[in-house]
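For reference, the chains in residue letters:
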Amino acid sequence: MDEAINSVSQQDKFDADKSPTNGSSFAFILEYGCRKFLFLGDSHMDIIEEYLDILEEPLKLELVKLSHHSSKKNNSMKFFNNICCEQFVFCSDGLNNNDHPSLTTVARLSINFPYSKLFFTSESDEIKDFSQSFSERCVYPKDNVLEFSYEL
């Protein structure tokens, strides 16, 4: 993980997803009491960043469901610089050839949120291998259920 963070810190180049299919996705903020939860679907970062740019301060969020299985092409450093959050959800089983989830995304968010909780929707062997170097921050489903509870 340290190597990935150093690489991102020194030479991060964001190559944005331009897929029309993913661009048709939508993002939304769910407000529950005084808490805000951001669900990014497969959204393109330029649209999200444009929204965040109009805010006067970083958007305070309880939880973020990362965009597109945490693809490095859908979760930019600029995005992480414009939010304040300590809980991130990764929707991926790790069984793909697309580098999902992305260690670059974990490194990007870890620069600003080094002690954040990382929730995974799968506890597959691939996910366990992927998250081994930062497993102390990870939460995995129990009996195939990833549960969150909040009080107002």
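See above for the structure.
So, how was this worked out
- Residues numbered from 1 in each chain as written.
- Predicted model: local features only at pLDDT ≥ 70, side-chain atom pairs only at ≥ 80, totals over all residues.
- Heavy atoms only, no water.
- Helix = DSSP H or I, 4+ residues; strand = E, 2+ residues; numbered from the N terminus.
- Rg over C-alpha atoms; globule rule 2.2 N^0.38 Å.
- Buried < 20%, exposed > 50% of the residue type's maximum accessible area, 1.4 Å probe, protein only.
- Contact = heavy atoms within 4.5 Å.
- Areas by Shrake-Rupley, 256 points an atom, 1.4 Å probe, with all protein chains shown as cover.
- Salt bridge = Lys/Arg side-chain N within 4 Å of Asp/Glu carboxyl O.
- Axes fitted to C-alpha atoms, helices over the stretch in contact; angles between N-to-C directions.
- Parallel < 35°, antiparallel > 145°, perpendicular 65-115°, else oblique.
- Nonpolar A, V, L, I, M, F, W, Y, C, P; charged D, E, K, R; others polar.
- Pairing = 2+ DSSP bridges.

Quick notes on the overall build of the protein
Turning to step 1, where the next piece is worked out: Helices and strands together make up the secondary structure of the protein, namely six helices and eight strands.
Turning to step 2, where the next piece is worked out: The order of α-helices and β-strands along the protein, N terminus first, is α-α-β-β-α-β-β-α-β-β-α-β-α-β.
Turning to step 3, where the next piece is worked out: Taken against the 2.2 N^0.38 rule, which gives 15 Å for 152 residues, the C-alpha radius of gyration of the protein at 15 Å falls within 12% of a compact globule.
Turning to step 4, where the next piece is worked out: Taken along its principal axes, the extent of the C-alpha atoms in the protein is 40 × 40 × 30 Å.
Turning to step 5, where the next piece is worked out: Counting every position in the protein, which comprises 152 residues, the buried fraction comes to 41%.
Turning to step 6, where the next piece is worked out: Intrachain contacts of the protein at a sequence separation of at least 6 include 66% that bridge at least 24 residues.
Turning to step 7, where the next piece is worked out: Carbon and sulfur atoms make up 48% of the accessible area of the protein, which amounts to about 8800 Å² in all.

What about the pattern of salt bridges?
Turning to step 1, where the next piece is worked out: A full pass over the atoms with the stated rule returns four salt bridges.
Turning to step 2, where the next piece is worked out: One salt bridge in this structure joins Glu-62 and Arg-35, with 3.5 Å as the shortest N-O distance. One end of the pair, Glu-62, is in the loop between β3 (59–60) and β4 (63–65); the other, Arg-35, is in strand β2 (residues 35–39), and 27 residues separate them in sequence.
Turning to step 3, where the next piece is worked out: In this structure Glu-62 comes out as partly exposed when scored by relative accessible area, which is 24%.
Turning to step 4, where the next piece is worked out: Across the pair Lys-78 and Asp-53 runs a salt bridge, and its minimum N-O distance is 3.1 Å. With a gap of 25 residues between them, Lys-78 in helix α4 (residues 77–81) and Asp-53 in helix α3 (residues 45–53) connect regions that are remote in the sequence.
Turning to step 5, where the next piece is worked out: Lys-78 sits in the partly exposed class, given a relative accessible area of 37%.

Some details on unusual backbone geometry
Turning to step 1, where the next piece is worked out: Its identity as a non-glycine residue notwithstanding, Asp-143 has a phi of 55°, on the positive side.
Turning to step 2, where the next piece is worked out: Take Asp-143: it is sitting in the segment after β8 (138–139).
Turning to step 3, where the next piece is worked out: What makes Asp-143 exposed here is its relative accessible area of 72%.

Overview of the packing of helix α1 (residues 2–11) against helix α5 (residues 103–112)
Turning to step 1, where the next piece is worked out: Across the interface, α1 lies against α5 with an axial gap of 8 Å and an inter-helix angle of 75°. Taken together, the axes of α1 and α5 are roughly perpendicular relative to one another. From α1, Ala-4, Ile-5, Val-8 and Ser-9 reach across to α5, where they touch Leu-103, Thr-104, Ala-107, Arg-108, Ser-110 and Ile-111.
Turning to step 2, where the next piece is worked out: The residue inventory of the contact of α1 with α5, partitioned by class, reads six nonpolar, three polar and one charged.

Observations concerning the pairing of strand β6 (residues 87–90)
Turning to step 1, where the next piece is worked out: Every second residue of β6 is oriented toward a common face, with Gln-87 and Val-89 on one face and Phe-88 and Phe-90 on the other, all of them buried.
Turning to step 2, where the next piece is worked out: Relative to β6, β4 is paired through two bridges, and the arrangement is parallel. From the neighbouring strand, Val-64 faces β6, where its bridge partner is Phe-88.

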